[in-house]
Amino acid sequence: MGRGANHLGRLLVACALWPHTAHSANPLPLTWDLCPPMATPQRSFDPPENYPAMSTYVTADHIESRERRYYFLDGDAKILQQEQWIEAEHATYDQDTGDVAADGHVVFGEPSFSINGTSLRFNAEQYKGQVERATYFLPDVHVEGHAESVVFENEDLIRLNRASYSTCIGDDPDWSLSSRRVTLDRKSGFGSATNVVFRFYDVPVFYFPYINFPITADRKSGFMYPSVGYSDRDGTEIATPYYVNLAPNYDLTLTPRSLWRRGVLLDGEGRYLTRSSSGLINFGYLGNDKQYKEDRKSLAWAHQGSPAPNFALDVKANYVSDPDYLDDFGNSINATTADHLERTAALTHKLNRTTSTLRARAYQTIDPNIPVDSYPYRQLPQLLVSTSDSLMNRAIDFRFMGEFVNFDHQSLPTTRRVHVLPELRAPWRRPAGYVTPGLAVDYAGYDTADGTATSPTSINRTLPIVTLDSGVFLERDIRFEGTDFLQTLEPRLFYAYIPYEDQSDIPLFDSGATTFSYGQMFRPNRFSGADRVGDTNHVTAAVTTRLYDNATGYERFNFSIGQMFFFADRKVNLTGEVIATAPQSDIAAQSTLRLSKHVRLRGDSIYDPFAARFDHSGIRMQYKDTRQKLVNIGYRLSYGSTEQTDYSFAWPIGPQWWVTGRWLRDHALGRSLEIIEGLQYSSCCWNVRLLSRRNYEATNDVVESRLMVEFEFKGLASTGTSATAILDESIAGFAEPRN
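So, here's what we can say about the structure.

## Some words on the overall build of the protein
- Looking only at helices and strands, one finds four helices and 45 strands in the protein.
- For the C-alpha atoms alone, the extent of the protein along its principal axes is close to 110 × 70 × 55 Å.
- Every one of the 739 residues in the protein was classed for burial, and the buried ones make up 42%.
- Restricting the contact set of the protein to residue pairs at least 6 apart, pairs at least 24 apart contribute 47%.
- As displayed, the protein offers around 38100 Å² of accessible surface, 55% of which is attributable to carbon and sulfur atoms.
- Once the 73 positive and 90 negative side-chain charges of the protein are each reduced to a mean point, those two points are 2 Å apart.

## Here's the deal with the pattern of salt bridges
- Tallied over the full model, the rule gives 41 salt bridges.
- With its nearest N and O atoms 2.8 Å apart, the salt bridge here joins R425 to E423.
- Here R425 falls in the partly exposed class, since its relative accessible area comes to 30%.
- R662 is paired through a salt bridge with D646; the nearest N and O atoms lie 2.8 Å apart. With R662 in strand β41 (residues 657-666) and D646 in strand β40 (residues 642-652), this pair connects stretches of sequence that are 16 residues apart.
- Classification of R662 by relative accessible area gives buried; the value is 11%.
- Judged by its relative accessible area of 22%, D646 falls in the partly exposed class.
- Here the salt bridges do not stand alone but share partners, grouping R233, D234, R262, D289, R296, D322, D328 and E704 into one network.

## Observations regarding the layout of surface pockets
- Taken as a whole, the second largest pocket spans an internal volume of roughly 640 Å³.
- Taken together, 27 residues make up the lining of the second largest pocket; nearest its centre are F516, R526, F566, R570 and A580.
- If one sorts the elements of the lining of the second largest pocket by residue count, strand β36 (residues 584-594) sits on top with three residues.
- Taken together, the residues that form the lining of the second largest pocket break down as eleven nonpolar, ten polar and six charged.

## Notes on the side chain of D94
- Relative to the assigned elements, D94 resides in strand β4 (residues 84-94).
- Relative accessible area serves as the criterion here: at 8%, D94 is assigned to the buried category.
- At 3.1 Å, the side chain of D94 and the side chain of T97 are in polar contact.
- In this structure D94 touches R69, Y70 and D99, once residues within four positions along its chain are discounted.

## Concerning the nonpolar core
- Core analysis: the largest hydrophobic core is formed by 50 residues, its most contacted members being L73, I79, L120, V150, L160, W175 and W686.
- If one sorts the elements of this core by residue count, strand β7 (residues 128-138) sits on top with five residues.

## Notes on a nonpolar patch on the surface
- Nonpolar side chains collect at one region of the surface, where Y230, I653, W657, L679, L690, L707 and V709 lie side by side and expose about 600 Å² of accessible area between them.
- If you trace the backbone, V709 turns up in strand β44 (residues 702-713).
- Using a relative accessible area of 33% as the deciding quantity, one classes V709 as partly exposed.

## Focus: helix α4 (residues 723-730)
- Considered for burial, the residues of α4 that qualify are A723, T724, I726, L727 and S730. Projection of α4 onto a plane perpendicular to its axis shows the buried side chains occupying an angular sector of 160°, all on one side.
- Structurally, α4 contributes buried residues whose contacts are with β41, β42 (671-682), β43 (686-697) and β44.

## Focus: the environment of G279
- Relative to the helices and strands, G279 resides in strand β19 (residues 277-286).
- On the basis of relative accessible area, G279 is assigned to the buried category, the value being 13%.
- Each C-alpha atom, one on G279 and one on P209, is 36 Å from the other, the two residues being 70 residues apart in sequence.
- Not counting residues up to four positions away in its chain, the partners in contact with G279 are G270, R271, Y272, A302 and H303.

## Quick notes on the packing of aromatic side chains
- In this structure the tally under the stated criterion is 28 aromatic pairs.
- The interplanar angle of 80° and the centroid separation of 5.2 Å between the aromatic rings of F122 and F152 together place this pair among those described as edge-to-face. With F122 in strand β6 (residues 113-123) and F152 in strand β8 (residues 143-152), this pair connects stretches of sequence that are 30 residues apart. Like F152, F122 is buried.
- The interplanar angle of 70° and the centroid separation of 4.9 Å between the aromatic rings of F198 and F713 together place this pair among those described as edge-to-face. Of the two residues, F198 is situated in strand β11 (residues 190-200) and F713 in strand β44; the sequence distance between them amounts to 515 residues.
- A network of ring pairs unites the aromatic residues Y165, W175, F198, F200, Y201, F206, F208, W657, Y681, W686, F711 and F713 as a single cluster.

## Considerations on unusual backbone geometry
- Cis peptide bonds are those with omega within 30 degrees of zero, and the linkage from L380 to P381 qualifies with -5°.
- Here P381 is to be found in strand β24 (residues 378-391).
- Of note in this structure, D202 is not a glycine but carries a positive phi near 65°.
- Residue position: D202 is located in the loop between β11 and β12 (203-214).
- According to the relative accessible area criterion, D202 is exposed, its value standing at 56%.
- Positive phi, normally seen in glycine, also occurs at N393, with a value near 55°.
- Mapped onto the elements of the fold, N393 is located in the loop between β24 and β25 (396-408).

## What to know about the pairing of strand β2 (residues 62-66)
- Judged from the five bridges that link them, β2 and strand β3 (residues 70-81) form a sheet pairing that is antiparallel. In the strand pairing of β3, R66 is matched with Y70.
- Count of turn residues in the β2/β3 antiparallel hairpin: three residues, of which E67 carries a positive phi of about 55°.

## Some thoughts on the state of the cysteines
- Applying the stated criterion across every chain, the model contains two disulfides.
- The disulfide partner of C35 is C684, and the gap between their sulfur atoms is 1.9 Å. Judged by the sign of its S-S torsion, about 100°, the cystine formed by C35 and C684 is right-handed. Linking C35 in the loop between α1 (2-15) and β1 (56-59) with C684 in the loop between β42 and β43, this pair joins segments that are 649 residues apart in sequence.
- Two residues, C168 and C685, share a disulfide whose sulfurs are 1.9 Å apart. Across the disulfide from C168 to C685, rotation about the S-S bond amounts to roughly 85°, and the bridge is consequently right-handed. Note that C168 is positioned in the loop between β9 (157-165) and β10 (175-185) and C685 in the loop between β42 and β43, a separation of 517 residues in sequence.

Reading the values: the criteria
- Residues numbered from 1 in each chain as written.
- Predicted model: local features only at pLDDT ≥ 70, side-chain atom pairs only at ≥ 80, totals over all residues.
- Heavy atoms only, no water.
- Helix = DSSP H or I, 4+ residues; strand = E, 2+ residues; numbered from the N terminus.
- Buried < 20%, exposed > 50% of the residue type's maximum accessible area, 1.4 Å probe, protein only.
- Contact = heavy atoms within 4.5 Å.
- Areas by Shrake-Rupley, 256 points an atom, 1.4 Å probe, with all protein chains shown as cover.
- Lys, Arg positive; Asp, Glu negative; His and termini not counted.
- Charge placed at Lys NZ, Arg CZ, Asp CG, Glu CD.
- Salt bridge = Lys/Arg side-chain N within 4 Å of Asp/Glu carboxyl O.
- 1 Å grid on protein atoms, 1.4 Å probe; cavity = no way out; pocket = protein on both sides within 12 Å on 5 of 7 lines; lining within 4 Å.
- Points joined across faces, edges and corners; volume = space filled by probe spheres on them.
- Nonpolar A, V, L, I, M, F, W, Y, C, P; charged D, E, K, R; others polar.
- Polar contact = N/O pair within 3.5 Å; in protein donor to acceptor, adjacent residues only side chain to side chain.
- Core = buried A, V, L, I, M, F, W, Y, C linked by side-chain atoms within 4.5 Å.
- Patch = residues over 30% accessible without salt bridge, like charges linked within 9 Å, V, L, I, M, F, W, Y side chains within 5 Å.
- Arc of directions from axis to C-beta.
- Phe/Tyr/Trp six-rings, centres within 6.5 Å; stacked < 30°, edge-to-face > 60°.
- Pairing = 2+ DSSP bridges.
- Disulfide = S-S within 2.5 Å.

Below, the structure written as C-alpha cells:
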C-alpha cells in the first residue's frame with residue numbers, strides 16, 4: 001500500500017497546478033491570514049511505540065482474520081503503513097495482493113494531503129483504484145476540491161471526474177474552477193481538462209472547452225489570463241497574452257493589445273538563458289495606427305554574458321519608429337521623457353585590480369525639435385582602462401584611469417581623444433582624524449578632422465590637480481529626554497588647486513557642469529567628463545555631527561553643512577558662460593533624522609548668502625511600519641523654476657481594505673503632475689484593486705486619465721492591468737498588500 005499511497009499524494013499535489021494554462025510566477029508569496037482554518041482531516045491514531053516501522057498496522061473495534069491474509073475491520077477501522085493512513089467505518093485488507101477496500105466516512109491521507117470519500121478501492125501493487133464522492137485537501141497550497149470520483153488507471157495516470165478546485169475554504173467557495181474530466185499524466189508531465197468553467201460567486205465567468213497544463217514546475221505554452229483597461233486617449237484596451245515555451249532556457253510571450261481608438265498593438269517579450277549569458281528582447285508593432293496614420297514599431301534588446309573567463313559582455317539596443325511612440329505606449333514617466341535612446345555594446349575584462357572595457361555607443365534621437373548639430377556624439381569605439389595599487393608598504397595609494405575614444409557625428413568633424421589621469425594619494429589615518437594629500441595629472445589630447453583639410457587639428461591639455469583632505473573625529477556622551485547618546489563632531493577641510501589653462505578651443509563631447517550639492521564640494525573638478533578641467537584654488541570647510549543611540553547603536557540623527565571659499569576667480573567655463581568671481585560658494589547642507597523605528601526625515605538645501613535666499617531645498621518624511629502602513633510627504637524647491645509637493649500613502653482601513661494614493665503638484669506650473677487614487681479589497685482567497693490615475697504629459701500638454709481594475713484569485717492568477725507596477729513606480733517604499 002505504501003508505494004501507491006505516496007504516488008497518490010504526489011499526483012493530487014500536482015492536481016493543484018491544473019488551472020494554470022501557461023507558466024507565470026507570482027512575484028510575492030501568498031498568505032492566508034484572512035482565511036478560517038482548513039478542515040483538513042488529521043490522523044487520529046498512532047501505532048504502539050515498539051511496532052516495526054516498515055510493517056502495516058491495522059486496528060478496529062472488531063477485527064477478523066482469515067488464512068492470515070484477509071483482514072476484516074469493522075467499526076472505527078484504521079490502517080497505517082509508514083506515513084500513509086486510512087480511516088473508515090469498515091475496511092478489508094488483503095495482505096498478499098495489497099488490495100484495500102473501505103466504506104463509510106473514508107479518510108485517506110499523508111502529511112501533504114488528505115481525501116474524504118464514501119468508499120475507496122485501491123491496489124498498491126497495480127496502482128489501480130478509485131475513491132467515490134471525494135473531497136481532497138492540499139494544505140501546503142491551501143486548496144480544497146471535490147470530485148465525483150478519483151480513478152487511478154496505472155502508475156502514471158490519474159483521472160478526476162466532475163472535479164472542482166478552489167483556494168477558498170468551505171462548501172460554498174467565493175470562486176471555483178470545475179471540469180467534467182481532468183486527466184493527469186505523470187509520465188509526460190502534463191494534464192488536460194475538458195469543459196472547464198470558472199465561477200465567481202456561483203456566476204459562470206469563463207468557459208474553456210479544453211485546456212492542458214503542466215503538473216510539474218515545467219513551463220507550458222498557452223494563453224495567460226486577459227487584461228482589461230480604459231484610458232481617455234486609447235479607449236478600451238483588451239490584452240490577451242500567449243506564452244510560448246520554446247525550450248527550457250528560452251521562451252516568448254506574445255500579447256495582442258486591442259486599443260479601441262488605434263487598432264491592435266502586438267507586444268512581445270523574449271527571454272533566453274545560457275550557461276554564460278542571459279538576455280531580454282521586447283518589441284511592439286501596431287499596423288496603421290488609426291490616430292497616427294502610420295505603422296508604429298519598437299525594439300529593445302538587453303544582453304549580459306561572460307564569453308570567456310574574466311570577460312563580461314553587455315549589450316543594450318533600443319529603437320522606436322517615431323518621436324511619439326514612448327509618449328503613447330511608454331510604461332513609465334522616465335520613458336516618456338527620453339530624448340535619446342541609447343545603443344551600447346561593451347566588452348569588459350577584469351584581472352586583479354585592472355579593468356579594461358572596449359565599448360561602442362550610439363544614440364537614436366527621437367525629439368524632432370533637436371537640431372542635428374546638437375545630437376550626441378557616437379563613440380565608435382571607446383577603450384577604458386583603470387587600475388589601482390598600494391605602494392611603499394601601503395603608504396601611497398596609486399590610481400590610474402586611461403581612455404581612448406573616437407567621437408563620430410552626423411554633421412560635425414570626427415575627433416579622437418586620449419585622456420589619461422594618474423593619481424597618487426598618501427593617506428595618514430589615526431583614530432582621531434586623518435590627512436590625505438593627493439596629486440593627479442589630467443592629460444587630454446584631441447585629433448580633429450576639420451572636414452576640409454587633409455591633416456587633422458591637434459589640441460593638447462595637461463593640468464596638475466593638487467588636493468589635501470583632512471578631518472577630525474570628536475565625540476562625547478550626552479543624555480537627552482532620558483536617552484543616552486554618543487555625539488560626534490567631525491570638522492573637515494578640503495583644499496584643491498588646479499591652474500588655469502584656456503580650453504575654449506576644445507569641443508564639448510561629454511562634459512557638463514555638475515549640480516552643486518554637499519557632496520560635490522569635495523570634488524576638485526566642477527565639470528563632469530574629460531573635456532573641461534575647471535581652474536580652482538579653494539578650500540571647503542564643512543562639519544558633520546551625528547547622534548548614536550547607545551542602547552541600539554542606531555544613528556538617530558546626522559547633520560552636515562559646508563561652504564567653499566575661493567582664492568581666485570574661475571575662468572574656465574562652458575560655451576557662453578561668464579567668469580565666476582564670487583569669493584565663496586553657496587552654503588550646502590544635508591540632514592537625516594530618525595524620529596522612531598518607523599519615521600525618518602531627510603532634507604537638503606542650498607542657500608545663497610548673497611541673495612539671502614534658498615536656491616534649492618527639499619525635505620522628505622516617510623512613515624513605514626511592518627503592518628503595511630506607509631506615508632510619504634515631500635517638498636522640493638528650486639528657485640525660479642520648480643516648487644513641488646508630493647504626498648503618497650498606502651494604508652489599511654480594517655483587515656480587508658487598503659487605500660492608496662499620490663498627489664504630485666507643481667506649484668510653479670499651477671497644475672498637478674500626477675494624481676493616483678486606489679482601493680483594494682482582500683478576502684481569504686481573492687483580491688480586487690481599483691486604481692484611477694491622471695498624469696500630465698508635458699510633451700503634448702495633455703492630461704491622460706486611466707481607470708484600472710485588477711482581480712487576483714489566489715493560487716490561480718491575476719487579471720487586469722498592472723496596477724501594482726504603477727504603484728511601485730509612483731509611491732516610494734510601496735509594498736503590495738498580501739493577505
